[in-house]
Amino acid sequence: MLRLLSKSHSFRKPSSSSSLSSSYSQTHICNSIGSTSISPNPSASPIEHSNSPKSTHIINGYPHIQLLGRRFCSLGSQIGSRRLFSSGYCLNCVNLRANGFLRAQSVVAETRSFCSEPDRESIQYDVVIVGAGPAGLSAAIKLKQLCREKDVDLSVCVVEKGAEVGAHIISGNVFEPRALNELLPQWKEEESPITVPVTSDKFWFLTKDRAFSLPSPFSNKGNYVISLSQLVRWMGVKAEELGVEIYPGFAASEILYDANDTVIGIGTNDMGVAKDGSKKENFQRGIELKGRVTLLAEGCRGSLSEQIMKKYNLREKGDAQHQTYALGIKEVWEIDEGKHDPGAVLHTLGWPLDQKTYGGSFLYHMKDRQISIGFVVALNYHNPFLNPYEEFQKFKHHPAIKPLLEGGTVLQYGARTLNEGGFQSIPYPVFPGGAVIGCSAGFLNVPKIKGTHTAMKSGMLAAEATLSVLHEGSNMEKYWDALRSSWIWEELYKSRNFRPAFEYGLIPGLAISALEHYIMKGRAPLTLKHGKPDHEATNAAQFHSPIQYPKPDGVLSFDIPTSLHRSNTNHEHDQPAHLRLRDPKIPELINLPEYSGPESRYCPACVYEYIPDEKGQLKLQINAQNCLHCKACDIKDPRQNIQWTAPEGGGGPGYSIM
């Protein structure tokens, strides 16, 4: 039985769109069918609302402060013993926000103490956004800005599966502020974490022992070296200041439809389900977040976005080719002061990859003696013995890189896939009831190695279309029209032939891309096509020899368990595996004999291992608790047999400076 403790605190005054914040202390009674619909809109709720702050009961303890943001502890039986983060870039030790959703969860828990009916409760919003990344937060901020301009009151929520805003965000990142200049023009005066301008820009071609300087094609003048996880944390604060409600720690696990197959929102995961599917003592049904418009901003290979694109045939409708991907693996180091050069940017091609594999490295000098170093491998590589993680460890021993890292310390590690399909792979982004935005749709500019600015702009355009739908009776097709007339479209069209040029190999790819960049400038009469989908590009093991990688030295190179510890990855161990095999026989019958078990190598977190059973035969073991949510397995598995689904909210990596 849930117990409400008598400890109470005063919270800051709620915004007009967060009326649940003033209603928590009211009495809630379970109705006859066990379902309570909770609405943040005062006109739609029977609950009495007040604009004055109230003392609020906190379940199982007081709110407390952690280093990376404001954190709420043990709110409701759905959360159980897990700690839930609130979004926040700056610490605030006095005024903590108890947002409506968290209180609604507590209300639900209190209701469930007296009613065992399993029907889910629902909260109604005007707009539901899935994902608190650059696209999702830009959409939320822009929408609230437009509401103020037009004197319209729309409720907007953002649901985020990471334990806090920014916890799952990882990128290089050399940031182009074009979209931010449009969204928040005063960002330089508002203590944003964008403080290190690019000061130099180098591009090297590596052989095993040498580095050859090439003309840099990136044009990073006016850009900044940043931590993207810190930027979105700051953006989360800006969104909250405008009245956006952000709910970290809750994973959107399903799409909700009405009788006409129109999307009406999302459902979050049930919590407290054991690995065997039974309900634990802290079991709590998920919540339905219903919206008049739903925007999917899950990032690359978003699971709900992929479902939507298949259901409504959005790739076919947009005449788009398949998406092609790369896996980026990254570390943040603290290096010696004498070696640190804030704003210095370096990219490399070549060694240790062979000439048929597209990829390269990045090395950016941030502030505070920190550098961001990483390695990107296109997932259409052919050799099943290739191991992207080991290629990165090998790269750090290059004579041109090793001296910089010696004497340094690794602070954080992570990995994530990125879209590389570009212009050719943009799907029709509108579906009945909403739209796909940001990297879920795929707006990365490959030759720039940048996608944050385009993701943000797509969110802003979607916000404008959303307001037109809800306030003017328009339709979401305005988003598609706006995309095609925006600088996103122009930018991606000009760079459309860069990535597919490397289907012909490294040297031909460099030649074609140089012709495109310096001479044709995007005006070529032909549009090159991508090759096979990444999972089909993997050759059978018989056509390749195993790659012998050097053992990690523990100084520059590390084993996966050591790196994984630095990612702060954590999942509730006793929960159903979120990595599911469509056919459990395929790993042993196909992947192992034909491809020599490539999942044990392309995963940068040692999630997949072939271990001998009692008879000595190799069987696939899935260590789901290690998962970095990079999505490489969902993309690269040769038979597309692995399905990535959302685990319990709050699990996964805990990035702070990535």
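Each value, and the rule that gives it
Residues numbered from 1 in each chain as written. Predicted model: local features only at pLDDT ≥ 70, side-chain atom pairs only at ≥ 80, totals over all residues. Heavy atoms only, no water. Helix = DSSP H or I, 4+ residues; strand = E, 2+ residues; numbered from the N terminus. Contact = heavy atoms within 4.5 Å. Core = buried A, V, L, I, M, F, W, Y, C linked by side-chain atoms within 4.5 Å. Buried < 20%, exposed > 50% of the residue type's maximum accessible area, 1.4 Å probe, protein only. Axes fitted to C-alpha atoms, helices over the stretch in contact; angles between N-to-C directions. Parallel < 35°, antiparallel > 145°, perpendicular 65-115°, else oblique. Left-handed = near helix turned anticlockwise from the far one by under 90°. Pairing = 2+ DSSP bridges. Phe/Tyr/Trp six-rings, centres within 6.5 Å; stacked < 30°, edge-to-face > 60°.

**Student:** Just to check I follow, could you spell out the side chain of Ser425 for this structure?
**Tutor:** Within the fold, Ser425 resides in the loop between β24 (409–419) and β25 (430–431). Here Ser425 is in contact with Arg315, Ala320, Gln321, His322, Gln323, Ala441 and His530, once residues within four sequence places are set aside.

**Student:** What am I meant to see in the nonpolar core here?
**Tutor:** One broad trend across soluble globular proteins is that nonpolar side chains are buried collectively. Core analysis: the biggest nonpolar cluster contains 86 residues, and Ile266, Leu289, Leu295, Ile308 and Tyr479 have the highest contact counts within it. Cys300, Ile401, Ala605 and Ile642 belong to the second-largest nonpolar core, a separate cluster that totals 67 residues.

**Student:** Please clarify how the packing of helix α2 (residues 134–150) against helix α4 (residues 228–241) should be interpreted in this entry.
**Tutor:** Packed helices, taken two at a time, are described by the angle their axes make and the gap between the axes. At their nearest, the axes of α2 and α4 sit 9 Å apart, and the two run at 25° to each other. When the interaxial angle is binned, α2 and α4 end up roughly parallel. Crossing handedness for the pair α2 and α4: left-handed. Residues Pro134, Leu137, Ser138, Ile141 and Arg148 of α2 touch α4, and the partners they reach there are Leu228, Val232, Met235, Gly236, Lys238, Ala239 and Glu241.

**Student:** I'm lost on the sheet that holds strand β23 (residues 370–378) in this one. Help?
**Tutor:** Note on sheets: strands pair through backbone hydrogen bonds, and any given pair is parallel or antiparallel. The strand order β12-β11-β21-β22-β23-β20-β24 describes an open sheet built from seven strands, whose pairing is mixed. Strands with a single pairing partner mark the edges of an open sheet, and in this sheet they are β12 (211–214) and β24. The sheet shows a mean angle of 20° between the axes of neighbouring strands, taken without regard to direction.

**Student:** Would you explain the packing of aromatic side chains in this entry?
**Tutor:** Pairs of aromatic rings are described using the distance from one ring centre to the other and the angle between the two planes. Counting across every chain of the model gives 14 aromatic pairs. Between Tyr125 and Tyr247, the ring centres sit 6.1 Å apart and the planes meet at 55°, which makes this aromatic pair tilted. On the criterion of sequence distance, the pair formed by Tyr125 in strand β7 (residues 122–130) and Tyr247 in strand β14 (residues 245–248) is long-range, its members being 122 residues apart. A relative accessible area of 0% places Tyr247 in the buried class.

Keep in mind these numbers describe shape, not what the thing actually does.
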